[in-house]
Amino acid sequence: MRPQDVPLREVLFEFHRVGKTVRVVAVDPITNTEITMVGAVDYGEEMLKRLAVRKLAYVIAKQHRAADKPR
């Protein structure tokens, strides 16, 4: 599965400003997958959300590929 193929219907976000950076937590409630990332305050909330969704899709796709591999 590629990150573009991951259906993210809902993503929950949490933002914490720490100086000139923002810590972003994004959670997919369906798979219970969570990612954390740090970005510059200058990026703005929408850009940080897009980047977090992109990383979340990548992680879910990677987990899916690992589950499909034969042991």
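Residues numbered from 1 in each chain as written. Predicted model: local features only at pLDDT ≥ 70, side-chain atom pairs only at ≥ 80, totals over all residues. Heavy atoms only, no water.

**Observations regarding the packing of aromatic side chains**
Note on aromatic pairs: each is described by the distance of the centres and the angle between the planes.
In step 1: Within this structure, the stated rule accounts for one aromatic pair.
In step 2: Centroid distance Phe13 to Phe15: 6.2 Å. Interplanar angle 25°. Geometry classified as stacked. (Phe/Tyr/Trp six-rings, centres within 6.5 Å; stacked < 30°, edge-to-face > 60°.)

**Digging into the nonpolar core**
In step 1: Of all hydrophobic cores here, the largest spans 13 residues; its most connected members are Val24, Ala26, Ile35, Met37, Ala52 and Leu56.
In step 2: If you list the elements that add at least two residues to this core, you get β2 (21-28), β3 (33-40) and α1 (45-68).
In step 3: Looking at this core element by element, the count peaks at six residues for α1.
In step 4: Excluding its chain neighbours within four sequence positions, the residues that come into contact with Ile35 are Val24, Val25, Ala26, Ala52, Lys55, Leu56 and Val59. (Core = buried A, V, L, I, M, F, W, Y, C linked by side-chain atoms within 4.5 Å. Buried < 20%, exposed > 50% of the residue type's maximum accessible area, 1.4 Å probe, protein only. Helix = DSSP H or I, 4+ residues; strand = E, 2+ residues; numbered from the N terminus. Contact = heavy atoms within 4.5 Å.)

**What about the environment of Val27?**
In step 1: Tracing the chain through its elements places Val27 in strand β2.
In step 2: Ignoring any residue separated from it by four or fewer positions in sequence, one finds Val27 in contact with Glu10, Val11, Leu12, Thr33, Glu34 and Leu56.

**Some points on the pairing of β3**
In step 1: Alternating positions in β3 separate cleanly, Thr33, Ile35, Met37 and Gly39 being buried on one face and Glu34, Thr36, Val38 and Ala40 remaining unburied on the opposite face.
In step 2: In terms of strand pairing, β2 meets β3 through eight bridges, oriented antiparallel. In the sheet register, Thr21 faces β3, and the bridge partner there is Ala40.
In step 3: Where β2 folds back on β3, the antiparallel hairpin that results is connected by four residues, among which Asn32 adopts a positive phi of roughly 60°. (Pairing = 2+ DSSP bridges.)

**A look at α1**
In step 1: With 24 residues, α1 should cover 34 Å at 1.5 Å per step; its first-to-last C-alpha distance of 35 Å lies within 8% of that length.
In step 2: Here α1 has its buried residues at Leu48, Ala52, Leu56, Ala57, Ile60 and Ala61. (Expected span 1.5 Å × (residues − 1).)

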